[in-house]
Amino acid sequence: MATIRQLKVFVMTAEHKKMSLAAKHLFISQPTISQIISDLEKEYGVSLFERQSRELKITSAGKLLLESAKKIVAINDALTLNMKNFHSTYCNFKAYMIK
């Protein structure tokens with residue numbers, strides 16, 4: 001099963017159409033991006049991109065994964081934000097009650 005990190009890398013790579021640009025945006029190395037994409041392709045048994053000279057072209061399988069990956073990443077981001085907000089609110093309320 002793909003991790004959230006792998007899905008974020010995949011989405012960013014699909015959006016930028018270049019592993020090097022995705023790597024810069026995510027502050028990780030291009031070989032790391034390449035390895036993550038390769039791992040996803042092995043896991044699902046499909047090619048996610050066609051490697052062209054100047055950029056990557058997403059495949060049909062890649063488009064299918066991209067649709068779901070964007071939703072999963074968005075839900076994860078929302079969950080993370082909600083939990084941080086809850087923690088902040090709870091801690092502030094608890095500190096107020098102690099005074």
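Note that the structure is a prediction, hence the values are computed from the model and not measured.

Rules used throughout
- Think of each chain on its own: its residues are numbered from 1, step by step along the sequence as written.
- Only residues with pLDDT of at least 70 get local features here, since the model is predicted, and only at 80 or more are side-chain atom pairs given and counted; chain-wide, interface and lining totals rely on the full set of residues.
- Water and hydrogen atoms play no part in the side-chain values, which are based on all heavy atoms of the structure.
- Helix and strand assignments come from DSSP, with helices taken as H or I runs of at least 4 residues and strands as E runs of at least 2, each series counted from the N terminus.
- Each residue's exposure class comes from its accessible area (1.4 Å probe, protein chains only) as a fraction of the maximum for that residue type: buried when under 20%, exposed when over 50%, partly exposed otherwise.
- Accessible surface area values rest on a Shrake-Rupley calculation with a 1.4 Å probe, where residue burial reflects the displayed protein chains alone.
- Throughout this description, a polar contact denotes any pair of N or O atoms lying within 3.5 Å of each other; where both atoms belong to protein, one of them has to be capable of donating a hydrogen while the other can accept it, and for residues adjacent in sequence the pair is counted only when both atoms sit in side chains.
- In what follows, residue pairs with any heavy atoms lying within 4.5 Å of each other are defined as contacts.
- The length a helix should cover is 1.5 Å for every residue beyond the first.
- What the arc covers is the set of directions going from the helix axis to the C-beta atoms.

(A) Geometry of the overall build of the chain. Scanning the chain from terminus to terminus reveals four helices and two strands. The order of α-helices and β-strands along the chain, N terminus first, is α-α-α-β-β-α. Here the chain, with 99 residues, has 27% of them falling under the buried criterion. Surface accessibility of the chain: about 7,100 Å² in total, with carbon and sulfur atoms responsible for 59%.

(B) Here's a closer look at the side chain of Thr 59. Following the sequence through the fold, Thr 59 ends up in the loop between β2 (56-58) and α4 (60-98). Judged by its relative accessible area of 12%, Thr 59 falls in the buried class. Of the polar contacts made by the side chain of Thr 59, one reaches the backbone oxygen of Ser 47; its length is 2.6 Å. Aside from chain neighbours lying at most four places away, what touches Thr 59 is Ser 47, Leu 48, Phe 49 and Glu 50.

(C) Region of interest: helix α1 (residues 4-16). Here α1 contains 13 residues, and its C-alpha end-to-end distance of 18 Å stays within 8% of the 18 Å for a straight helix at 1.5 Å per residue. Turning to α1, its buried residues number three or more, namely Gln 6, Leu 7, Val 9, Phe 10, Val 11, Met 12, Thr 13 and Ala 14. Note on α1: the residue one or two positions beyond its end, Lys 17, has a positive phi of about 60°.

(D) Quick look at the environment of Ser 60. With respect to the helices and strands, the residue Ser 60 is situated in helix α4. Once the C-alpha coordinates of Ser 60 and Leu 48 are considered, the two residues, twelve residues apart in sequence, prove to be 7.6 Å apart.

(E) Main features of helix α3 (residues 30-44). With 15 residues, α3 extends 21 Å between its outermost C-alpha atoms, agreeing within 8% with the 21 Å of an ideal straight helix rising 1.5 Å per residue. Of all the positions in α3, only Ile 33, Ile 36, Ile 37, Leu 40 and Glu 41 are classed as buried. All buried residues of α3 lie within an arc of 135° about the axis, which places them on one face of the element. Opposite its buried face, α3 presents the exposed residues Pro 31 and Lys 42, each directed more than 90 degrees away. The inward-facing, buried residues of α3 abut α1, α2 (19-26) and β1 (49-51).

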